[in-house]
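Here is what each chain is made of, one letter per residue.
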Amino acid sequence: MRQFSLTAPSYLREVKRTETENQIVIEGVKINSEREGKVLNLQNRNGCPLCRIGVYFLKHTDILIISQFLNSDGSVVPQHITGLCNKQHFRVVRAIALAQRAGLIPKKSGTPVFGGWEKYNTYFKKY
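These numbers come from a predicted model, not from an experiment.

How do you make sense of the overall build of the protein chain when you look at a structure like this?
For the protein chain, the helix and strand inventory stands at 4 helices and 2 strands. Each helix and strand of the protein chain, ordered N terminal to C terminal, gives the series β-β-α-α-α-α. Across the 127 residues that make up the protein chain, the buried fraction comes to 24%. Total accessible area on the protein chain stands at roughly 10100 Å², and carbon and sulfur atoms take up 53% of it.

What am I meant to see in the state of the cysteines here?
By definition, a disulfide is the covalent link that joins the sulfur atoms of two cysteine residues. Under the criterion given, the structure shown has 0 disulfides. Looking at the unpaired Cys 85, the closest cysteine sulfur is the one in Cys 48, lying at 3.7 Å.

What should I look at first to understand the nonpolar core in this one?
Within soluble globular proteins, side chains that are nonpolar tend to cluster in buried spots. One finds Leu 50, Leu 58, Ile 66, Phe 69, Val 92 and Ile 96 to be the most contacted residues of the largest nonpolar core, which totals 15 residues. Take this core: its biggest share by element is 4 residues, from helix α4 (residues 86-102). Aside from chain neighbours lying at most four places away, what touches Val 92 is Leu 50, Leu 58, Phe 69 and Leu 84.

So what exactly am I meant to see when it comes to the pattern of salt bridges here?
Opposite charge on two side chains makes pairing possible when the charged atoms of those side chains draw close. Scanning all chains against the criterion turns up 1 salt bridge. Arg 17 is paired through a salt bridge with Glu 19; the nearest N and O atoms lie 3.2 Å apart. Given the relative accessible area of 54%, Glu 19 is considered exposed.

How do you make sense of the pairing of strand β1 (residues 13-19) when you look at a structure like this?
Each regular strand displays side chains that alternate between the two surfaces of the sheet. Within β1, only 0 of the 7 residues are buried, leaving the element largely exposed. As paired elements, β1 and strand β2 (residues 24-30) share 7 bridges and run antiparallel to each other. From the neighbouring strand, Arg 17 faces β2, where its bridge partner is Ile 26.

Definitions and limits used
Residues numbered from 1 in each chain as written. Predicted model: local features only at pLDDT ≥ 70, side-chain atom pairs only at ≥ 80, totals over all residues. Heavy atoms only, no water. Helix = DSSP H or I, 4+ residues; strand = E, 2+ residues; numbered from the N terminus. Buried < 20%, exposed > 50% of the residue type's maximum accessible area, 1.4 Å probe, protein only. Areas by Shrake-Rupley, 256 points an atom, 1.4 Å probe, with all protein chains shown as cover. Disulfide = S-S within 2.5 Å. Core = buried A, V, L, I, M, F, W, Y, C linked by side-chain atoms within 4.5 Å. Contact = heavy atoms within 4.5 Å. Salt bridge = Lys/Arg side-chain N within 4 Å of Asp/Glu carboxyl O. Pairing = 2+ DSSP bridges.

Okay, here's the thing in structure tokens:
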């Protein structure tokens, strides 16, 4: 299953030095984050990753979220890999297509260009 996150993970460690008679031990000790209690616990919930956190309506401008469902070549990651339900997968695919048409994210390699006008497209009409 692919990792899904809304923010970057915070791996907080503190370097601790312990000295004894003939030995010095330096170790990284995990410390608590200031985000403790504010982070969503996704371990014991059922459903797809987007339904778990309550994201039901994606817009084509939510680039940080929908770009996590793209491969490096611009194609959509399959549903069995992302773990999305049918409804959320349809919404993600549609948001990706709209964002690609608007020029917010790159299109899949090999997609034909329908004219030189696309580079001048500064508006977006949803239909």
